[in-house]
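Secondary and tertiary structure notes
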Amino acid sequence: MSKMISIKNLNKIYKNGSVEVHALKDVNLEIEHGEFIAIMGQSGSGKSTLMNIIGCLDRPTSGEYLLDGIDISKQEQDDLSLIRNKKIGFVFQAFNLIPRTNILRNVELPMIYAKVKSSKRKQRSMELLEKVGLGDRVNHLPNELSGGQKQRVAIARALANTPPIILADEPTGNLDTQSSEDIMEIFKSLNNDGTSVILVTHEPEIARFADRVIVFRDGAIIEDSQKEGVLK
Amino acid sequence: MRSLLTMLGIIIGISSVIAIVSIGDSMKGVMDDIYKDIGKNRAYMYVYNIEEFRSTDFFFMDDLEVVKERFGDKITYLGPSESLRSDVSVKKNTVKLNMICVDSGFDKVQHVKMLYGRMINKSDVDRKSKVIVLEQKAALQLFNRENATGEVIRVKINNYMEDLLIVGVYKNEESPVLSLLQGQSPYEESYVPYTMAFPSNYGFYGLDIFIAENQPVSDVGNEIVSYIAKLKNRSNENYMFYTVEEDQETLNGIVGGMSIAVACIAAISLLVGGIGIMNIMLVSVTERTREIGIKKSLGARTKDVLFQFLIESATLSAIGGVVGTMSGIGLVMLGGSIISLPIVVNPISIIIAVAFSMIIGVFFGYYPAKKAAKADPINALRYE
Ligand SMILES: Nc1ncnc2c1ncn2[C@@H]1O[C@H](COP(=O)(O)OP(=O)(O)OP(=O)(O)O)[C@@H](O)[C@H]1O
Ligand SMILES: [Mg+2]
């Protein structure tokens, strides 16, 4: 069976006029189905850049990225939309809920793009919101929720099309300890059900939930260890 | 609030289109009514463009008979175009009376609604009877009742006082708009036999002619002109033939021209409205760049985003169209009620107006929507 994610000699160079930032330098990485990975490293080390490329939101400058055997660099924008829709659920630090749109509708969105029937969409959204403990808030607007609640909506939305991969870039960055704990418990149980989770974090307590920790510095992987390795 | 301002252009454009179209329709309807009142196949003929008149240039009673004879079925009525005015008093009541001098058969070509008695008939004309048919308002003012038949009134005709027997009372049913256009006349109407009102050797200046329904009005007119010119030893240019039909065409032309002018203004305001829509959509696309990024990250394709924004701009301008339609109708209704013009609003023009404003929305919304749809997901997500 092929690897879920296979990255070879990946480079990302940002050009801003004459200034060039080499954000990823010859990154090689393989990820299997069902892994729970924490990516760590200093600010500016390239963690988010890698996450965006894995999530098919951005393209590498050079190198190869295969997702389930598909060469992502050869795909059109609309094909990438389809891949994101089917395979990837995003959870961002800034929650990224659609404002002025109730949370039920927010959770429905990925299913609308997947052309799921309206009645089925509603039912699944309700189930997901109940699962994250917000079954009684479906008609609320995002700005009426706390940070932890918003992030739970974002997770529910990420799960809408049951993607095999969840990408979470500092999902607990804006949350207090208790909320962070709750969110991580949700990720843990998702992973137990077989979903791959890749998350970026600065906090060792958060990274402790993962089975594998990858550490970045200056755009390169300096450490890649299975559980019990890095944790002091 | 901002969207309302944006829609203003569309609202003004659409409401002026609706207003113009319904004013045009209403005017046409009114004009048709007016010309029906006057008589569609009615024509006037008069002596024209003569430097030195000869007494024979005018129309004599004998001439009328000759023309009637000659043109037979082609004309349904021929009489002098004359009326006389006189004050009439009965006891303390005084009325200014306008006496229209008619031949018999006038009521066959023009609708005259008799309330009491009868209209001027052939024997009145043949015998030069001293009779009169009053409009009901004149009867009411003179005798305090409508049925004044059998009464006698004293009027001045050609400087002689004459006693006329009222043989009928009718009701003037002309359209309110025509009366409005003619203004408030101090004179009340009536009909008298023309043979009684003028001496038999009198030369009339103008003729009132009704052409038969199935005849081409202007052709018959030209024939009559040629015939009379020959009779009078004059050239065709010395007689003028004027038809109500031509008149109507000219007026319709003026209304049409006005409509085109105002339609141009409306088109410009629609264009401005469309640009307004484009502007607000561009602003909205920029403001919602992040939202577009989020949607793309969730799997929205180019066309999903495109449609979202197209539907938004179409909705925006369709609302503008609906509001514009309503305010346009309201405006016309208001104006119509002030000048008591019956308003015609064509439902098709409403449908077209709203559909058209949606098309404007789609057309001017396309560029902003395309811009939104093409947004690169990662840049859109990073947008602050
Ligand atoms: N759009 C961009 N244009 C130019 N440079 C960029 C852009 N995005 C990121 N960079 C640069 O690339 C490098 C890696 O950035 P990245 O966002 O991946 O860091 P990070 O590891 O996620 O940091 P943090 O922990 O602060 O989120 C940084 O030096 C950053 O300044
Ligand atoms: Mg980052």
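The residue numbering used here restarts from 1 in each chain and proceeds along that chain's sequence as written. Each chain gets a letter, beginning with A, and each ligand a number, beginning with 1, in the order they are written. It should be noted that, the model being predicted, local features are given only for residues of pLDDT at least 70 and side-chain atom pairs only at 80 or more, the latter also being counted only at that level, while totals for whole chains, interfaces and linings use all residues. Side-chain figures throughout are based on the complete set of non-hydrogen atoms in the structure, without hydrogens or water.

1. Comments concerning the pairing of strand E6 (residues 88–92) of chain A
All names here are of chain A. Here's how the labels work: a residue is buried when its accessible area is under 20% of the maximum for its type, exposed when over 50%, partly exposed in between, all with a 1.4 Å probe on protein chains only. Helix and strand labels come from DSSP, where a helix needs a run of H or I of at least four residues and a strand needs a run of E of at least two; each type is numbered from the N terminus. In terms of burial, E6 is largely enclosed, as five of its five residues are buried. Burial along E6 is two-sided: the residues Ile 88, Phe 90 and Phe 92 and Gly 89 and Val 91 are all buried. The rule for pairing is simple: two strands pair if DSSP sees at least two bridges between them. In the sheet, E6 pairs with strand E7 (residues 165–169) via five bridges, with the strands oriented parallel. Looking at the pairing, Phe 92 lines up with Asp 169 of E7.

2. Details of the interface of chain A and chain B
The partner chain B presents 17 residues to the 20 residues of chain A that form the contact. As a working definition, buried area equals the accessible area (1.4 Å probe) given up by two parts on being put together, with both sides summed. Note on chain A versus chain B: buried area summed over both sides is about 1800 Å², and carbon and sulfur give 56% of it. Each salt bridge in this description consists of a side-chain nitrogen of Lys or Arg and a carboxyl oxygen of Asp or Glu lying within 4 Å of one another. Counting across the interface, chain A meets chain B through zero salt bridges. Think of a polar contact as two N or O atoms within 3.5 Å of one another; within protein, one of them needs to be a possible hydrogen donor and the other a possible acceptor, and neighboring residues in sequence only count if both atoms come from side chains. Where chain A packs against chain B, one counts six residue pairs in polar contact (both at pLDDT 80 or more). For the side of chain A that touches chain B, the elements supplying multiple residues, two or more each, are helix H2 (77–87), E6 and helix H3 (103–113) of chain A. The leading source of residues in the side of chain A that touches chain B is H2(A), at five residues. Residues of the side of chain A that touches chain B, tallied by class, amount to 10 nonpolar, five polar and five charged. Contacts are assigned to residue pairs that have any heavy atoms within 4.5 Å of one another. Lys, Arg, Asp and Glu make up the charged group, whereas Ala, Val, Leu, Ile, Met, Phe, Trp, Tyr, Cys and Pro make up the nonpolar group; the residues left over, Gly among them, are polar.

3. Some thoughts on the domain arrangement of chain B
Split by domain assignment, chain B resolves into domain 1 (2–34 + 249–382) and domain 2 (82–203). Put simply, the middle of domain 1 of chain B and the middle of domain 2 of chain B, counted by C-alpha atoms, are 56 Å apart. Note that the domain bounds reflect an automated or database-derived domain assignment.

4. Here we look at the pattern of salt bridges
Within this structure, the stated rule accounts for 27 salt bridges over all chains. Among the ionic pairs, A:Glu64 bridges to A:Lys8, the shortest N-O distance being 3.9 Å. On the criterion of sequence distance, the pair formed by A:Glu64 in strand E4 (residues 62–67) and A:Lys8 in strand E1 (residues 5–16) is long-range, its members being 56 residues apart. According to the relative accessible area criterion, A:Lys8 is partly exposed, its value standing at 41%. Its salt-bridge partner being B:Asp126, residue B:Lys122 comes within 3.0 Å of it at the nearest N-O pair. With B:Lys122 and B:Asp126 both in helix H4 (residues 122–127) and four residues apart, this pair spans about one turn of that helix. Each member of the salt-bridge network shares a partner with another, and the members are B:Arg288, B:Glu291, B:Lys295 and B:Glu312.

5. Remarks on helix H12 (residues 347–373) of chain B
All names here are of chain B. With 27 residues, H12 should reach 39 Å at 1.5 Å per residue; the first-to-last C-alpha distance of 37 Å fits that figure. Taken as a whole, H12 carries its principal kink of about 45° at Tyr 366; the proline Pro 368 stands between one and four residues after it. Restricting attention to buried positions, one finds in H12 the residues Ser 349, Ala 353, Val 354, Ser 357, Ile 360, Gly 361, Phe 364, Gly 365, Pro 368, Ala 369, Ala 372 and Ala 373. Each element contacted by the buried residues of H12 is listed here: helix H1 (2–38), helix H9 (244–287), helix H10 (289–297) and helix H11 (302–338). Each residue after the first adds 1.5 Å to the expected span of a helix. A residue's bend is the angle separating two fitted axes: one through the seven residues that end there, the other through the seven that start there.

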